[in-house]
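# Close look at the chain arrangement
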Amino acid sequence: GESVGLHLPTLSVQEGDNSIINCAYSNSASDYFIWYKQESGKGPQFIIDIRSNMDKRQGQRVTVLLNKTVKHLSLQIAATQPGDSAVYFCAESLPEGGYQKVTFGTGTKLQVIP
Amino acid sequence: AAGVIQSPRHLIKEKRETATLKCYPIPRHDTVYWYQQGPGQDPQFLISFYEKMQSDKGSIPDRFSAQQFSDYHSELNMSSLELGDSALYFCASSKRTGFGGIQYFGAGTRLSVL
C-alpha cells in the first residue's frame, strides 16, 4: 500500500564504497519492481527494473536483488559517486483489472561523503 | 528523446483560488498519472488516465479534478486551494504493456499556496 515518510531514512556512504538500499514491498502478488532516483527539485528517474520471475538483474554500476520469500528488494550501487546523492524509491507493480497498479515505497536518502 | 512536459514549473496562488496544471506525455504513451509530493515525502498517487478514461484513483481530494484530452495531454484542476496543497505535483506517462509499464516523470510543478 501507500506509505508516507516524514523523515526519510538516510544512508551515508563514503565516495568509492558500495551502497545498498533496501526496500520491503507489501503485496506478494506484485510481479514487477522498479527503482527510481530523485534528485532535489526533480522528478523521479527510472534506474532499473526487475520482474518477479528473476532474483537478480544488473545494470551499469547498479544491481537489483529480489527476494520474494521475504518480500524484499535491494539496490546495490557500486563505487558510489557524488552524483549518486539523491532519494531512491522502489515501486511495486501488480496486475489489477487489466491494469498495472504501481505503488511507491518509502524513499531512502543517499548521502555520498567525498 | 522527448520527455514528459509539465507547465507551469512554478505557481503561486492564494487560499481559495483555483489552479490548473498541465501535462504533455511522451508521444505514443497512452497512460498519464498525477502525483503529489510534500517536502520529505513519497510521491502520493492522485489519479491516472488510460486512453482518456480515468483508470485509477488514489488520494485525490474532491476539490481536485483531472481529465485527459484527445491529444493525450492532461490537466489537473485544483479549486478552493488550501495551504496544505502546497507541494510538488508530478505527472508521469507510460505505455501500457502486458507487463509492468515504466512511468516516466516530468520535472514537476511547484505549487505554493499563500
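Here's what I pulled together on the structure shown here. Every value quoted in this text rests on a predicted model; they were computed, and no experiment measured them. (Residues numbered from 1 in each chain as written. Chains lettered and ligands numbered in written order. Predicted model: local features only at pLDDT ≥ 70, side-chain atom pairs only at ≥ 80, totals over all residues. Heavy atoms only, no water.)

### So, the pairing of strand β4 (residues 45-51) of chain A
All names here are of chain A. Note that strand β3 (residues 32-38) and β4 share six bridges and pair antiparallel. Of the residues in β4, the one forming a bridge with Tyr 36 is Phe 46. Where β3 hands over to β4, the hairpin turn is made up of six residues, of which Gly 41 adopts a positive phi near 75°. (Pairing = 2+ DSSP bridges. Helix = DSSP H or I, 4+ residues; strand = E, 2+ residues; numbered from the N terminus.)

### Describing the pattern of salt bridges
A side chain of one charge can pair with a side chain of the opposite charge when the charged atoms of the two come close. All names here are of chain B. For the structure on display, the rule yields five salt bridges over all chains. Salt-bridge contacts for Lys 22 lead to Glu 75; the nearest nitrogen and oxygen are separated by 3.9 Å. Highlighted residues: Lys 22 in strand β3 (residues 19-24) and Glu 75 in strand β8 (residues 74-78), separated in sequence by 53 residues. Classification of Lys 22 as partly exposed rests on a relative accessible area of 31%. Take Glu 75: its relative accessible area is 14%, and that puts it in the buried class. Its salt-bridge partner being Asp 85, residue Arg 63 comes within 2.9 Å of it at the nearest N-O pair. On the criterion of sequence distance, the pair formed by Arg 63 in the loop between β6 (53-57) and β7 (64-68) and Asp 85 in the loop between β8 and β9 (87-94) is long-range, its members being 22 residues apart. On the basis of relative accessibility, which here comes to 22%, the residue Arg 63 falls in the partly exposed class. Residue Asp 85 is classed as buried on the basis of its relative accessible area of 4%. By sharing partners, the salt bridges in this structure join Arg 63, Glu 82 and Asp 85 into a single network. (Salt bridge = Lys/Arg side-chain N within 4 Å of Asp/Glu carboxyl O. Buried < 20%, exposed > 50% of the residue type's maximum accessible area, 1.4 Å probe, protein only.)

### Description of the sheet that holds strand β6 (residues 62-67) of chain A
Residue and element names in this part refer to chain A. The antiparallel open sheet is built from four strands, whose spatial order is β2-β7-β6-β5. Across the chains shown, the open sheet's two edge strands, defined by having one partner strand only, are β2 (19-24) and β5 (56-58). Strand after strand, the sheet turns through a mean of 15° between neighbouring axes, direction not considered. Where β5 and β6 come together, three bridges link them in antiparallel fashion. Residue Gln 58 lies in a different strand from β6, and its bridge partner there is Thr 63. (Axes fitted to C-alpha atoms, helices over the stretch in contact; angles between N-to-C directions.)

### Looking at the interface of chain B and chain A
Counting from both sides, the interface comprises 26 residues of chain B and, opposite them, 29 residues of chain A. Summed over both partners, the interface of chain B with chain A buries about 2300 Å², with 53% contributed by carbon and sulfur atoms. Our enumeration of links across chain B and chain A arrives at zero salt bridges. Our count for the chain B to chain A interface comes out at three residue pairs in polar contact (both at pLDDT 80 or more). Of all the elements in the fold, those that place two or more residues in the side of chain B that touches chain A are β4 (31-37), β5 (44-50) and β6 of chain B. Broken down by class, the residue content of the side of chain B that touches chain A amounts to nine nonpolar, 12 polar and five charged. (Contact = heavy atoms within 4.5 Å. Buried area = accessible area lost by both parts, 1.4 Å probe. Polar contact = N/O pair within 3.5 Å; in protein donor to acceptor, adjacent residues only side chain to side chain. Nonpolar A, V, L, I, M, F, W, Y, C, P; charged D, E, K, R; others polar.)

### So, the side chain of His 73 of chain B
All names here are of chain B. For His 73, the position within the fold is in the loop between β7 and β8. Here the side chain of His 73 touches Asp 71 through a polar contact of 2.7 Å, side chain to side chain. In this structure the side chain of His 73 is engaged in a polar contact, spanning 3.1 Å, whose partner is the side chain of Glu 75. If we skip the residues at most four places from it in the chain, His 73 touches Cys 23, Tyr 24, Pro 25, Gln 67 and Gln 68.

This is a description of form; function is not addressed.
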